[in-house]
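Here's the letter readout for the chains.
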Amino acid sequence: MNKKTDSSTLREDSKVVVSGRDPHRYGGMVNPPVYHVSTVLSETFEQLNSTDNIEDSGTQKMTYGRMGTPTSWALENAVAELEGGHRSLAFSSGLGAITGALLAFLKAGDHLLMTDSVYAPTRRFCNSLLKRFGVETTYYDPLIGADIRSMLRPNTTVVFTESPGSHTFEVQDIPAIAEIARRHGSKVLMDNTWASPLFFKPFEHGVDVSIQAGTKYIVGHSDVMLGTVTATKEAWPELRHCTWHLGQCAGPDDLYLAQRGLRTMSVRLRQHQASALLIAEWLQTRPEVRQVLYPALPGAPGHEIWKRDFLGASGLFAFELESCTEKAVASMLDGMRLFGMGYSWGGYESLLIPENVKKLRTAVPWRFEGPLLRIHIGLEDVEDLKDDLMDGLERLRNFRG
Ligand SMILES: *Cc1c(COP(=O)(O)O)cnc(C)c1O
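Residues numbered from 1 in each chain as written. Predicted model: local features only at pLDDT ≥ 70, side-chain atom pairs only at ≥ 80, totals over all residues. Heavy atoms only, no water.

## Re the overall build of the protein chain
- The helix and strand inventory of the protein chain stands at 14 helices and 11 strands.
- Its C-alpha atoms give the protein chain a radius of gyration of 22 Å, near enough to 21 Å, the size a compact globule of 401 residues would have.
- Referenced to the eigenvectors of the C-alpha coordinate spread, the extents of the protein chain come out at roughly 80 × 50 × 35 Å.
- Residue burial in the protein chain is summarised as follows: out of 401 residues, 55% are buried.
- Of the contacts formed within the protein chain by residues at least 6 apart in sequence, a portion of 73% connects residues at least 24 apart. (Helix = DSSP H or I, 4+ residues; strand = E, 2+ residues; numbered from the N terminus. Rg over C-alpha atoms; globule rule 2.2 N^0.38 Å. Buried < 20%, exposed > 50% of the residue type's maximum accessible area, 1.4 Å probe, protein only. Contact = heavy atoms within 4.5 Å.)

## Here's the deal with the site of the ligand
- The immediate surroundings of the ligand are formed by 14 residues, with Gly 94, Leu 95, Asp 191, Thr 215 and Lys 216 found nearest.
- Contact distances for the ligand include 2.8 Å between an oxygen atom and a backbone N or O atom of Gly 94.
- A distance of 2.8 Å is found between an oxygen atom of the ligand and a backbone nitrogen or oxygen belonging to Leu 95.
- Against a free-state accessible area of 380 Å², the protein chains account for coverage of 94% of the ligand.
- Per element, the largest residue contribution to the shell around the ligand is three residues, and it comes from helix α5 (residues 94-105).
- Taken together, the residues that form the shell around the ligand break down as six nonpolar, five polar and three charged. (Near = heavy atom within 4 Å. Polar contact = N/O pair within 3.5 Å; in protein donor to acceptor, adjacent residues only side chain to side chain. Areas by Shrake-Rupley, 256 points an atom, 1.4 Å probe, with all protein chains shown as cover. Nonpolar A, V, L, I, M, F, W, Y, C, P; charged D, E, K, R; others polar.)

## Digging into the pairing of strand β7 (residues 227-231)
- In terms of burial, β7 is largely enclosed, as five of its five residues are buried.
- Covered by surrounding structure in β7 are Gly 227, Val 229 and Ala 231 together with Thr 228 and Thr 230, the residues of both alternating faces.
- Two strands pair when backbone bridges link them, and strand β1 (residues 87-91) and β7 are joined in this way by five bridges, in the antiparallel orientation. Bridge pairing in β7 links Phe 91 to Gly 227.
- In terms of strand pairing, strand β6 (residues 209-212) meets β7 through four bridges, oriented antiparallel. Considered in β7, the bridge of Ser 210 is made with Thr 230. (Pairing = 2+ DSSP bridges.)

## Here's the deal with the nonpolar core
- By size, the foremost hydrophobic cluster in this structure holds 77 residues, and its most contacted members are Trp 194, Tyr 294, Phe 317, Phe 319 and Leu 352.
- Ranked by the residues each element gives to this core, the list is headed by helix α11 (residues 265-284), at seven residues.
- Split by domain, the residues of this core number at least three in each of domain 1 (10-262) and domain 2 (265-397).
- In this structure Leu 352 touches Phe 319, Met 332, Leu 333, Met 336, Phe 339, Gly 340, Met 341, Leu 373, Arg 374, Ile 375 and Leu 389, once residues within four positions along its chain are discounted.
- Residues Val 158, Val 209, Ile 211 and Cys 242 belong to the second largest nonpolar core, which totals 28 residues. (Core = buried A, V, L, I, M, F, W, Y, C linked by side-chain atoms within 4.5 Å. Domains from an automatic or database assignment.)

## Looking at the sheet that holds strand β9 (residues 316-321)
- Strand order in the open sheet made by the four strands is β8-β9-β11-β10, with antiparallel pairing throughout. Among the strands making up the open sheet, the edge pair consists of β8 (289-293) and β10 (351-354). Averaged over all neighbouring strand pairs, the angle between strand axes comes to 25 degrees, with direction disregarded.
- By the bridge criterion, four bridges tie β8 to β9 in an arrangement that is antiparallel. Paired with Val 289 across the two strands is Leu 321, which belongs to β9.
- Each of β8, β9 and β11 (372-376) touches α11; the most contacted strand, β9, lies at about 10 degrees to it. (Axes fitted to C-alpha atoms, helices over the stretch in contact; angles between N-to-C directions.)

## Topic: the state of the cysteines
- Tallying each qualifying case throughout the model produces zero disulfides.
- We note that Cys 249 lacks a disulfide partner, and the nearest cysteine sulfur, in Cys 242, lies 14 Å from it. (Disulfide = S-S within 2.5 Å.)

## Describing the pairing of strand β2 (residues 111-115)
- For β2, the tally of buried residues reaches five of five residues, placing the bulk of the element in the interior.
- The sheet contact formed by β2 and strand β3 (residues 136-140) spans five bridges and is parallel. Paired with Thr 115 across the strands is Tyr 140, a residue of β3.
- After leaving β2, the chain enters helix α6 (residues 120-132) and then returns to the sheet as β3, a path that is right-handed.
- Relative to strand β4 (residues 156-162), β2 runs parallel, the two sharing four bridges. Counterpart to Leu 112 in the pairing with β4 is Val 158. (Right-handed = clockwise from strand over helix to strand, strands pointing away.)

## Here we look at the packing of aromatic side chains
- One pass over the full model with this rule turns up six aromatic pairs.
- Measuring from centroid to centroid gives 6.4 Å for Tyr 26 and Tyr 35, while their planes differ by 65 degrees, and the two rings are edge-to-face.
- For the pair Trp 366 and Phe 368, a centre-to-centre distance of 5.1 Å together with 70 degrees between the ring planes defines the contact as edge-to-face.
- Cation over ring: Arg 123 sits above Tyr 139, and NZ or CZ is 3.9 Å from the ring centre.
- For the cation-ring pair, Arg 132 lies above Phe 133, with the distance from its terminal atom to the ring centre recorded as 5.5 Å. (Phe/Tyr/Trp six-rings, centres within 6.5 Å; stacked < 30°, edge-to-face > 60°. Lys NZ or Arg CZ within 6 Å of the ring centre and 35° of its normal.)

## Focus: the packing of helix α4 (residues 70-83) against helix α10 (residues 252-262)
- Where α4 contacts α10, the two axes come as close as 8 Å, and the packing angle between them is 40 degrees. Judged on the interaxial angle alone, α10 and α4 are oblique. Considering the relative orientation of α4 and α10, their crossing is left-handed. Residues Thr 71, Ser 72, Leu 75, Ala 78 and Leu 82 of α4 lie in contact with α10, whose contacting residues are Pro 252, Leu 255, Tyr 256, Ala 258, Gln 259 and Leu 262.
- Partitioning the contact of α4 with α10 into residue classes produces eight nonpolar, three polar and no charged. (Parallel < 35°, antiparallel > 145°, perpendicular 65-115°, else oblique. Left-handed = near helix turned anticlockwise from the far one by under 90°.)

Printed below as a string of structure tokens:
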């Protein structure tokens, strides 16, 4: 960015490079400096007292490390612009961002509608802490669409969505849910991690608050925990104040690494998507595989809504195996060369884990017969990934135990 560029007129790949950066404020350095700071000194008594209402005037001015620094704004402003919201806040993890967003819009006596397909730790938060503070959670069928109407109560203040669900990949009809929920006066929150800020634009589909586990594709290198929450202008003050009260913030080095990861996110995602589609198509032809749950795959569950609402697909999906024993699955997973067995995803490396969420679900009967495996397609050569999976599926098929 040479002169002050108005990045709002740019195309997406340019925005990823430009947004949130202001090199000539910092001696021309391409990347924002990493501010390690708690105390910020004022030069005069008057200046010290004038910092009180900074947030109301909308300026980003340093008052104290926890309240935001040029390092946090570089990331937050970029994410807000890419998601299409008013402003963003960075949190110390994706789960911290989710719980911070829920707490901002709920109070004792409220009712929360939560998708049954939600990320499991979000569910645990609702069933433990929110319950303790007098918020009642009802889980709904992720495929409910406009029928969400029948579940709304006078005290339903939040409808929480996650699309596709990061365990079983149900694609939600976000515009239909959002329209009805908002008409009712409820806030619509969305965990938008799967699509990243690039492949789903939550605010164009009626969402009030969008959450990213930045740990995944924004960071992109499996080395940082980070979350973001982005809000509309109307929802921003509640989010901002609650986050202040909670004392939530992210560390400067993590913020820096996240904004650095963001700059290459669109090229990484293009490769994740291309390789994931090839692997998904190939898995579909294998006799050991009953179905592939990748919304970008024609014929897969949710493909039509994905095609209507999303701009792309990331590298995470699941597939259902034909019925087999747990030991057979273990023989497959234990011998993988490139696919690591570990939680999280969105880094450059491939992962493969069993999906054990069946006993958590309460809203709808479990739709699968065989074991589910969740796969993250990384940036390795796709033929090597295929070879590794082929060997693994053969171990599974030939397992005698
Ligand atoms: C990983 C993940 C989170 C939580 O992010 P952390 O940074 O690990 O706390 C939230 N939502 C989804 C969909 C995730 O995959």
